Amino acid sequence: MNTNYLDNNHLVLVGKVASEKRFSHEIYGESFYIFDMEIPRLSETFDLIPITISERLINNEQLEVGKKIVVKGQFRSYNSYENERSRLVLTVFAKDIIPEEKIEERAQADGDIDLNVSNEVTLIGHICKKPIYRKTPFGREIADALLAVNRAYNKSDYIPTIAWGRTARFCDTLETGTQVKAIGRVQSRIYQKKYEDGRVEDRTAYEVSISSLEVIKEENEPTVEVENQEAV
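Summarised in this report is the structure supplied together with it. Predicted model, so just to flag it, every value in this text is computed and none were measured.

**Points about the environment of Thr204**
Within the element layout of this structure, Thr204 appears in strand S12 (residues 200-215). Judged by relative accessible area, Thr204 falls into the partly exposed class, the value being 34%. The spatial distance from the C-alpha of Thr204 to the C-alpha of Arg169 is 26 Å, given a sequence separation of 35 residues. Filtering out sequence-adjacent residues up to four positions away, Thr204 remains in contact with Ser188, Arg189, Ile190 and Tyr191.

So, in structure tokens, the structure goes:
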């Protein structure tokens, strides 16, 4: 079966450059850099998302702090080993950077850029483990689900997602191995890591906040789709 891995994992972010680029790593002589991108929310706050970019795409004028850009790419994961422990690291892998002066032109030419939506990601993957459903002290329903999204060369990205309300209840019914299509936005949040010696460290977690979720059935089976009205 031919798989279009870009269809499995595709995002478009509209925002502004929030930091200078910094060196990340090198593969087969090609250098990669990371910079932070500020993406506005409807609630007048913003998400600060790390963007990984190849040196081949870098235009220093485009990446000036404060410049508006559009990033098209994929939400990816990799394991980072620190103190003999593995930690899942998430980043947006940029496949295209559109500078401010060309955004309107590209939005008209490209069918996947909607300037009314600043942050949208589409993932097709499998539920890795049973979703965790819970209620907050105020009665709000939440479910956490980890998706395995196939990538080329027998690799997979492991993407944490969060759902709310009726979508969270729907997640609670899903079994490990279920294939789903999730549409949402990449979000960042601060949490505190507590160590055994009493130290507390602020860290940033990244996840996909799901706005709609669809179970992908085998051919000739009906699909089941749930849209969330409570995501923030």
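**Regarding the side chain of Asp47**
Within the secondary structure layout, Asp47 lies in strand S4 (residues 46-54). Looking at Asp47, the relative accessible area reads 1%, which means it is buried. A polar contact of 2.7 Å, which involves the side chain of Asp47, links it to the side chain of Arg41. The residues contacting Asp47, other than those within four sequence positions of it, are Met37, Glu38, Ile39, Arg41, Asn119, Arg185, Val186, Gln187 and Ser188.

**A look at the nonpolar core**
If you look at the biggest cluster of nonpolar residues, it comprises 38 residues, and the most contacted ones within it are Leu13, Phe35, Ile51, Val71 and Phe75. Among the elements that take part in this core, S12 stands out by supplying five residues, more than any other. Apart from residues lying up to four places away in sequence, Leu13 is in contact with Met37, Ile39, Ile49, Ile51, Ile69, Val70, Val71, Val92, Ser118 and Asn119.

**Quick look at the packing of aromatic side chains**
The relation between two aromatic rings is expressed through the spacing of the ring centres and the mutual angle of the planes. Counted under the stated rule, the structure contains two aromatic pairs. Here Phe23 and Tyr33 contribute two aromatic rings whose centre-to-centre distance is 5.7 Å and whose plane-to-plane angle is 80 degrees, an arrangement assigned as edge-to-face. Here Phe23, found in strand S2 (residues 22-27), pairs with Tyr33, found in strand S3 (residues 30-40); they are 10 residues apart in sequence, far enough to count as distant. Arranged with centres 6.1 Å apart and planes meeting at 40 degrees, the rings of Phe32 and Phe93 form a pair that is tilted. Of this pair, Phe32 sits in strand S3 while Phe93 sits in strand S6 (residues 85-99), and the two are 61 residues apart along the sequence. What makes Phe32 buried here is its relative accessible area of 8%. Cation over ring: Lys21 sits above Tyr33, and NZ or CZ is 5.9 Å from the ring centre. The side chain of Lys193 reaches across the aromatic face of Tyr195, ending 5.9 Å from its centre.

**Looking at the state of the cysteines**
Evaluation of the coordinates by the stated rule reveals zero disulfides. Cys128 takes part in no disulfide bond, and the closest cysteine sulfur to it belongs to Cys171, at a distance of 13 Å. A relative accessible area of 26% places Cys128 in the partly exposed class. The buried category is assigned to Cys171, whose relative accessible area is 1%.

About the cut-offs
- Residue positions within a chain follow its written sequence, with the count starting from 1.
- Only residues with pLDDT of 70 or above have their local features reported here, since the model is predicted, and side-chain atom pairs are shown and tallied only from 80 upward, although totals for entire chains, interfaces and linings are computed over all residues.
- The basis for every side-chain value is the complete set of heavy atoms in the structure, and neither hydrogens nor water enter the calculation.
- Put simply, DSSP marks the helices as runs of H or I at least four residues long and the strands as runs of E at least two long, and each gets a number from the N terminus on.
- The cut-offs for exposure are 20% and 50% of the maximum accessible area for each residue type, with area from a 1.4 Å probe on protein chains only; residues under the lower value are buried, those over the upper are exposed, and the others partly exposed.
- Two residues form a contact once any of their heavy atoms are found within 4.5 Å.
- Throughout this description, a polar contact denotes any pair of N or O atoms lying within 3.5 Å of each other; where both atoms belong to protein, one of them has to be capable of donating a hydrogen while the other can accept it, and for residues adjacent in sequence the pair is counted only when both atoms sit in side chains.
- We define a nonpolar core as any set of buried Ala, Val, Leu, Ile, Met, Phe, Trp, Tyr and Cys residues linked to one another through side-chain atoms lying within 4.5 Å.
- Here is the rule: rings of Phe, Tyr and Trp (six-membered ring for Trp) pair when centre to centre is within 6.5 Å. Planes less than 30 degrees apart are stacked, more than 60 are edge-to-face, and the remainder are tilted.
- Either the NZ atom of lysine or the CZ atom of arginine qualifies as a charge over a ring when it sits within 6 Å of the ring centre and within 35 degrees of the ring normal.
- When the sulfur atoms of two cysteines come within 2.5 Å, that pair is taken as a disulfide.

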